[in-house]
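Analysis of the macromolecular model
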Amino acid sequence: AIDLPHRSSDEMILLLVCFLSPSTTLRRPVFGARGLSTWEQCGTDPFFQQVIDTVDKVFDALPPSRNILNVPEHQRESLGVAKIVSRRLSAMQRNKDCPRCWLQAAHCICSQTTRSIEDSLPHFVHRVFLILNHKEIGMVVDTAKLLLMSMPNQARLVVSGIAEDYQESLVELKDALQQKERPCIVLFPTEDAQTFEDLYQSTISSKRDDASATDTKLDVVVIDGTWQQAQKIHQRYIPAVQDGGPCRVCLSDAALELLGGGGGGGGIHDRSFGSGGGGGGILEGGDSRRVCDRAT
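Residues numbered from 1 in each chain as written. Predicted model: local features only at pLDDT ≥ 70, side-chain atom pairs only at ≥ 80, totals over all residues. Heavy atoms only, no water.

1. Considering the environment of L130
Worth spelling out the cut-off: Strands are runs of DSSP state E lasting at least two residues, helices are runs of H or I lasting at least four, and both sets are numbered from the N terminus onward. What makes two residues a contact is simply this: any of their non-hydrogen atoms within 4.5 Å.
Along the polypeptide, L130 turns up in strand β1 (residues 125-132). It is 6.0 Å that separates the C-alpha atoms of L130 and R156, two residues lying 26 residues apart in sequence. Setting aside residues up to four positions removed in sequence, L130 forms contacts with A144, L148, R156, L157, V158, V222 and D224.

Here's what the structure looks like:
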């Protein structure tokens, strides 16, 4: 089986995007932010603007020049993460990297991703939450941004490490994880994780067959980072199933075969669905094209 502990998140995101549609929507409003001047001749999408706004909110409440030891302990992480993200955004601005695909202008892929996949999503998918490790922001090799580019209305970006006081998407995620009216699944390979087909047949389908739940839709949570980062995010944000948390979903043999790793009942990491990819996990160029060809 393929080495998914360090690759699965990127490969699964690639599979999801390619399986549903080969292209995405491009929206390019003019933007700017306090402390970050506007990229000249460059557009953005609401997700990148959200990151800028989130950093601004943190700095408004907790000035970056402030000694972190003088910051309330429960707010220190938000300030520290915001400083790291701010430096990454400033570097992208200096390099004139594209704020949508995060690549240098010479390698920008936005012109090749021109249509949303949202109309192709299963009708029962309501929202897709992407919990992104802050170190992934602006990384060239990160592929989670494909979800954001291809689902401008249904995707929700949550930057790990920044408190809900500064990002509404985290408030929305916590509400999705706690409410019982709408099913929620997390793409993560725990010991009790099921394939989506098995979960659908045993749980979701039965709920949707209920006359009172005909309009029930599904929320999906995806975690992006290295395997170690993903484990920490999962432990921090996702309640355990026995505590009323959402079901976990892993890859099926068919999905593994599509990704080129084969099935055959691999271990838990081989069936990773939403676990670490980050800096070392992206498919190589030739592999990516072959997976895209098979998926589409």
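2. Notes on the environment of Q104
Its location among the elements puts Q104 in the loop between α3 (73-95) and β1. For the pair Q104 and M92, spaced 12 residues apart in the sequence, the C-alpha separation amounts to 8.8 Å.

3. Focus on the sheet that holds strand β2 (residues 155-159)
Quick reminder of the rule: Only when DSSP finds a minimum of two bridges between them are two strands counted as paired. Axis definition: a line fitted to C-alpha atoms, limited for helices to the stretch in contact. Angles are taken between N-to-C directions and run from 0 to 180 degrees.
In spatial order, the strands read β2-β1-β5-β3-β6-β4; together these six strands make up an open sheet with parallel pairing. The outermost strands of the open sheet, each flanked by one partner alone, are β2 and β4 (194-195). Where strand β3 (residues 184-187) and strand β6 (residues 247-250) come together, three bridges link them in parallel fashion. Counted as the bridge partner of L187 is V249 from β6. Sheet contacts for helix α5 (residues 168-178): β1, β2, β3 and β5 (218-224); angle to β1, the most-contacted strand, approximately 120°.

4. A short note on the nonpolar core
Using the following cut-off: Nonpolar core, defined: a set of buried Ala, Val, Leu, Ile, Met, Phe, Trp, Tyr and Cys residues in which side-chain atoms within 4.5 Å join the residues together. For each residue, the accessible area found with a 1.4 Å probe, counting protein chains only, is set against the maximum for its type, and the residue is called buried under 20%, exposed over 50%, and partly exposed in between.
Within the largest apolar cluster, 40 residues are counted, with the highest numbers of intra-cluster contacts made by V58, L89 and V220. Counting only elements with at least two residues in this core, the list comes to α2 (46-61), α3, β1, α4 (145-150), β2, β3 and β5. The leading source of residues in this core is α2, at seven residues. Apart from the residues lying within four places of it in its own chain, the contact partners of V220 are V125, R127, V128, F129, I185 and L187. I131, L170, F188 and W227 belong to the second largest nonpolar core, which has 17 residues in total.

5. Describing unusual backbone geometry
A positive phi angle, near 55°, is found at K96, a position not held by glycine. Residue position: K96 is located in the loop between α3 and β1. The residue W102 is not glycine, and still its phi comes out positive at about 65°. Along the chain, the position of W102 falls in the loop between α3 and β1. Judged by relative accessible area, W102 falls into the buried class, the value being 5%.

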